[in-house]
Amino acid sequence: MLVRAGAAAATTTTAAPGVRRWWRRGGGSGAAACFPLGRALLAVRGAEAAIFLQGLLTNDVARLGAGGGGGPAPPPKDIEGLEHVQRRATELVRGVTFFRLHESPEEEPHILLECDSGVLDAIQKHLKLYKIRRKVNIAPCLDLSLWAVIPGEQAGDIASSFPKCAGQALVLTPDPRTEVMGWRLITKKGANLSEIIPGSQIGNIQDYHRHRYKQGIPEGVKDLPPGVALPLESNLAYMNGISFTKGCYIGQELTARTHHMGVIRKRLLPICFSTPLPKNSIPEGAEILTESGKSAGKFRAGGDELGIALLRLANINEPLCLNAAGEKVKLTASIPEWWPKPASK
């Protein structure tokens, strides 16, 4: 599915309010923190690349080259700064994100897909299954690295030095899933991050995952199990990840019907345990129970006292627990602040 960054991405480069709130609560220091994600990148390139992906993704690939409202993007104020700020997209079923590298509709489409490194081969096989005779080349990008960038209070203008470092970095864009997730950066392997983002520091990847769990943001196959995760239950509509007007794609009928019925009984939510848990002490898919022993949902992933789970919305305000290493552990669920607020009646 496509997650689209705003047209003014290059001008909105300081820490967004949601990020600043997290930073003040002890999430980081004044400088920008860069987290090495260790995820794989796959290039889809060729005259029919966009058409090919259009039938496989939950969002409208045509929006990769469009401004707000589906029309042409407005002229950039800073052509050097904007020409490298790319659109991005996310495909739910296997937790894939993608970035546009071509800079105009006249160029040959060149799209990078970001995915869980553990399913890179499966993604390639999946794409080639539907390629048939399309004029598309699909190949892994082993010379590139992917980073998450969380700006601090004193991070300044993150994108200001980006045009000078085009030889080291290909993409720098705000993460459009939600402002609290900062930026995405793609560099050449071995690139000097302090030149691309002056004053930045390499962060501990566990801090990134803790931040992600606090916000209830799924990423990768543990959070979005292939063949199990559904787009609306995984909150992809909240993260600019689904088009309800683009037309047909694989799985479109179920997603559209559920959306128009307006009934979503389960959602991915952040959870907090009453005590930190040993690593890997909870199996993926472990049952979460109410106080009366009724099933309330399933655990997806987590670390220490934080995690993410698929829960029945009817049970999220009740006392919940699960069994870990033979012991009953209490937990609470919460609604993320970044979720859209319900319309007042």
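Parameters and conventions
- Residues numbered from 1 in each chain as written.
- Predicted model: local features only at pLDDT ≥ 70, side-chain atom pairs only at ≥ 80, totals over all residues.
- Heavy atoms only, no water.
- Salt bridge = Lys/Arg side-chain N within 4 Å of Asp/Glu carboxyl O.
- Helix = DSSP H or I, 4+ residues; strand = E, 2+ residues; numbered from the N terminus.
- Buried < 20%, exposed > 50% of the residue type's maximum accessible area, 1.4 Å probe, protein only.
- Phe/Tyr/Trp six-rings, centres within 6.5 Å; stacked < 30°, edge-to-face > 60°.
- Lys NZ or Arg CZ within 6 Å of the ring centre and 35° of its normal.
- Pairing = 2+ DSSP bridges.
- Axes fitted to C-alpha atoms, helices over the stretch in contact; angles between N-to-C directions.
- 1 Å grid on protein atoms, 1.4 Å probe; cavity = no way out; pocket = protein on both sides within 12 Å on 5 of 7 lines; lining within 4 Å.
- Points joined across faces, edges and corners; volume = space filled by probe spheres on them.

## Comments concerning the pattern of salt bridges
Link 1 in the chain: Using the criterion set out here, one finds twelve salt bridges in the structure.
Link 2 in the chain: As a salt-bridge pair, D304 and R210 come within 3.7 Å of each other at their nearest N and O atoms. Here D304, found in strand β14 (residues 295–312), pairs with R210, found in helix α6 (residues 205–215); they are 94 residues apart in sequence, far enough to count as distant.
Link 3 in the chain: Given a relative accessible area of 42%, D304 falls into the partly exposed group.
Link 4 in the chain: For R210, a relative accessible area of 25% puts it in the partly exposed group.
Link 5 in the chain: Salt-bridge contacts for R212 lead to D223; the nearest nitrogen and oxygen are separated by 2.6 Å. In this pair, R212 sits in helix α6 while D223 sits in the loop between α6 and α7 (252–261), placing the two residues eleven residues apart along the sequence. D223 shares its class with R212; the two are buried.
Link 6 in the chain: Within the structure, one salt-bridge network assembled from shared partners comprises R39, E114, D175, R177, R184 and E219.

## So, the packing of aromatic side chains
Link 1 in the chain: Taken as a whole, this structure holds three aromatic pairs when the rule is applied.
Link 2 in the chain: Pairing F35 with Y208 gives two aromatic rings, centres 5.8 Å apart and planes at 40°, and the pair type is tilted. Pair noted here: F35 is in strand β2 (residues 33–36) and Y208 is in helix α6, with a separation of 173 residues, a long-range link. As far as burial versus exposure is concerned, F35 and Y208 are alike and both buried.
Link 3 in the chain: Above the plane of the ring of W339 lies R267, whose end atom (NZ or CZ) is 5.8 Å from the centre.

## Quick word on the sheet that holds strand β12 (residues 266–277)
Link 1 in the chain: Pairing within the closed barrel is antiparallel, and its five strands lie in the order β12-β14-β13-β15-β16. Across the sheet, the mean angle separating the axes of adjacent strands is 50° when strand polarity is ignored.
Link 2 in the chain: Relative to strand β15 (residues 320–324), strand β13 (residues 287–290) runs antiparallel, the two being bridged by two bridges. Note on β15: the bridge partner recorded for T290 is L320.

## Here we look at the layout of surface pockets
Here the idea is plain: a probe the size of a water molecule rolls over the atoms and shows the empty space left.
Link 1 in the chain: What the largest pocket holds in volume is close to 840 Å³.
Link 2 in the chain: Surrounding the largest pocket, 33 residues form its lining, H209, Y213, K222, A301 and G302 being those nearest its centre.
Link 3 in the chain: For the lining of the largest pocket, the secondary-structure elements that each account for two or more residues are α6, β12 and β14.
Link 4 in the chain: With seven residues, α6 is the single largest residue contributor to the lining of the largest pocket.

## Focus: the environment of P278
Link 1 in the chain: Mapped onto the elements, P278 comes out in the loop between β12 and β13.
Link 2 in the chain: The exposed category is assigned to P278, whose relative accessible area is 58%.
Link 3 in the chain: Spatially, the C-alpha atom of P278 lies 6.7 Å from that of D304, the residues being 26 residues apart in sequence.

## A few points about unusual backbone geometry
Link 1 in the chain: Of note in the backbone geometry, I132 takes a positive phi value of approximately 50° without being a glycine.
Link 2 in the chain: You can see I132 is positioned in the loop between α4 (120–131) and β7 (137–140).
Link 3 in the chain: Residue class for I132 comes out exposed when judged on its relative accessible area of 71%.
Link 4 in the chain: Residue N235 is not a glycine yet carries a positive backbone phi of 65°.

Limitation: the analysis is restricted to geometry and does not speak to function.
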